Amino acid sequence: MRPSKRLERIPPYAFAELERKIAAKRAAGVDVISLGIGDPDRPTPALVVEAMREAVTEAETHRYPTNRGREDFRGAVRDFYARRFDVALDPDTEIIPAIGAKEAIFNLNLAFLDPGDYALAADPGYPVYTAGPWLAGAEPVLMALQPEHGFIPDLGAIEEDVARRAKLMYLNYPNNPTGAVVPDGFFERVVEFARAYDILVVHDNSYSEISFDGYRAPSFLATPGAKEVGVEVFSLSKGYNMTGWRCAVLVGNAAALETYWRLKTNIDSGLFEAIQLAAVAALSPDADEEVTSMNALYVRRRDLVCDALRGIGVDVRPPRATIYVWAPVPEGFPSSEAYCEHVLERAAVVLSPGAIYGPAGEGWFRISLTAPDDRVLEAVRRMGAITG
Ligand SMILES: Cc1ncc(COP(=O)(O)O)c(C=O)c1O
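What you see is a predicted model; the values in this text were computed from it and never measured.

Here the focus is the site of the ligand. The full set close to the ligand counts 14 residues, and Asp204, Tyr207, Ser237, Lys238 and Arg246 are the nearest of them. In the model, an oxygen atom of the ligand is placed 2.7 Å from a nitrogen or oxygen of the Ser235 side chain. Separating an oxygen atom of the ligand from a side-chain N or O atom of Arg246 is a distance of 2.6 Å. Taking 400 Å² as the accessible area of the ligand by itself, protein coverage stands at 92%.

Here's what the structure looks like:
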């Protein structure tokens, strides 16, 4: 049986490969510490679990949801966006639940791209920004994020004919994998660019709730004019330890949301209503304390990792947001993949090679702060022990 040509064009999902490797090692009795995938190790906050427990006993949640989402869910998103980001959203036209950010990002490609179209994708970036356009028959065009530019793309470097053929642009701040935050003025330039070339900006806001040192990440939609040209994907996965729940929301440009909705009604049947009710609890001010304490935990791990990396001669900058430390590969290794392979084989620590996020990620590796403190410490101790 042959897979479709569309599917043959894309490499297997990097983490699927990694999971296979880890499973094989563990089966052989090796104590593997995984700092690879960004999957929070702490449980979902109790108030969210409690809301789910109640919701799931209510028969009204058991039926097909609508793809528009429950009114109370959309109301909670509206209130959250107003309180947290100072962004006003119309719950009737500017909010749609998604079955995780990954679903929304992928489906936006199907909703907006035709063969021959371009989608501008941050490099390094979340792999769906490139796999999505490919699966839609279109072409991703990479925008390199360079450290000397603060890991933002150089919009001026995008060629005129590429900009004209581009229909989507993927951006993500706070950024996976680099941990970068958006500098002042950049989103304004994005709005101008998108207007000039009639591009729909998809801002992936999956990490806004995880930030440190007093930093609070903005919504792209708080930028004047952003709603005319863009949508934002907000996910509950990382900030609320809800990766397994598959809960996110697409907000912003009403016409774009209508198109996304039209596609979705043909593909899936919406987000389980009990999960929508659990999200209402997560987005309420009652959960703020939980978010604050998770950030205290991540900042502690961040500092442990950065101190330890500096101790072994890795020049690393502590990120102000996200659950990732992005660091340059030590000298003497031909590639990020070779370094991560070396660390896995010699120290049984899983890191992510930067190159899996795109060519501009070569020369870097990513550490995810999503393991208990003692495991994070043990991992960096092992990394130190195999260095020099
Ligand atoms: C930038 C980015 N966007 C989206 C996702 C997926 O989020 P979700 O769990 O909501 O599908 C991830 C997960 O790692 C991510 O890093």
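More follows now that the structure is in view.
Right, let's get into the side chain of Thr322. Assignment of secondary structure puts Thr322 in the loop between helix H12 (288-311) and strand S9 (324-328). What makes Thr322 buried here is its relative accessible area of 0%. Apart from residues no more than four positions distant in its own chain, Thr322 is found in contact with Pro174, Asn175, Gly179, Tyr207, Ile210 and Phe212.

If you look at the biggest cluster of nonpolar residues, it comprises 72 residues, and the most contacted ones within it are Tyr81, Met169 and Tyr240. The biggest single contributor to this core is helix H8 (residues 186-197), with seven residues. Dropping the residues within four chain positions of it, Met169 is found in contact with Leu120, Met143, Leu155, Ile158, Val190, Phe193, Ile199, Leu200, Val201 and Val202. Within the second largest apolar cluster, 33 residues are counted, among which are Tyr324, Val325, Val343 and Leu369.

Mapped onto the fold, Val201 is located in strand S6 (residues 200-204). For Val201, a relative accessible area of 0% translates into the label buried. Separated by 36 residues in the primary sequence, Val201 and Arg165 have C-alpha atoms spaced 14 Å apart. Beyond its immediate sequence surroundings of up to four residues, Val201 is in contact with Met169, Leu171, Val190, Ala194, Phe220, Val229, Gly230 and Val231.

In this section: the packing of aromatic side chains. The full count for this structure, using the stated rule, is 19 aromatic pairs. Ring centres of Tyr173 and Phe186 lie 6.1 Å apart, and the angle between their planes is 75°; on these two criteria the pair is classed as edge-to-face. Of this pair, Tyr173 sits in the loop between strand S5 (166-171) and H8 while Phe186 sits in helix H8, and the two are 13 residues apart along the sequence. Each member of the pair, Tyr173 as well as Phe186, is classed as buried. Residue placement shows Arg68 over the ring face of Trp261; its charged tip is 4.1 Å from the ring centre.

Definitions and cut-offs
- Residues numbered from 1 in each chain as written.
- Predicted model: local features only at pLDDT ≥ 70, side-chain atom pairs only at ≥ 80, totals over all residues.
- Heavy atoms only, no water.
- Near = heavy atom within 4 Å.
- Polar contact = N/O pair within 3.5 Å; in protein donor to acceptor, adjacent residues only side chain to side chain.
- Areas by Shrake-Rupley, 256 points an atom, 1.4 Å probe, with all protein chains shown as cover.
- Helix = DSSP H or I, 4+ residues; strand = E, 2+ residues; numbered from the N terminus.
- Buried < 20%, exposed > 50% of the residue type's maximum accessible area, 1.4 Å probe, protein only.
- Contact = heavy atoms within 4.5 Å.
- Core = buried A, V, L, I, M, F, W, Y, C linked by side-chain atoms within 4.5 Å.
- Phe/Tyr/Trp six-rings, centres within 6.5 Å; stacked < 30°, edge-to-face > 60°.
- Lys NZ or Arg CZ within 6 Å of the ring centre and 35° of its normal.

Functional significance is not addressed by these values, which are geometric in nature.
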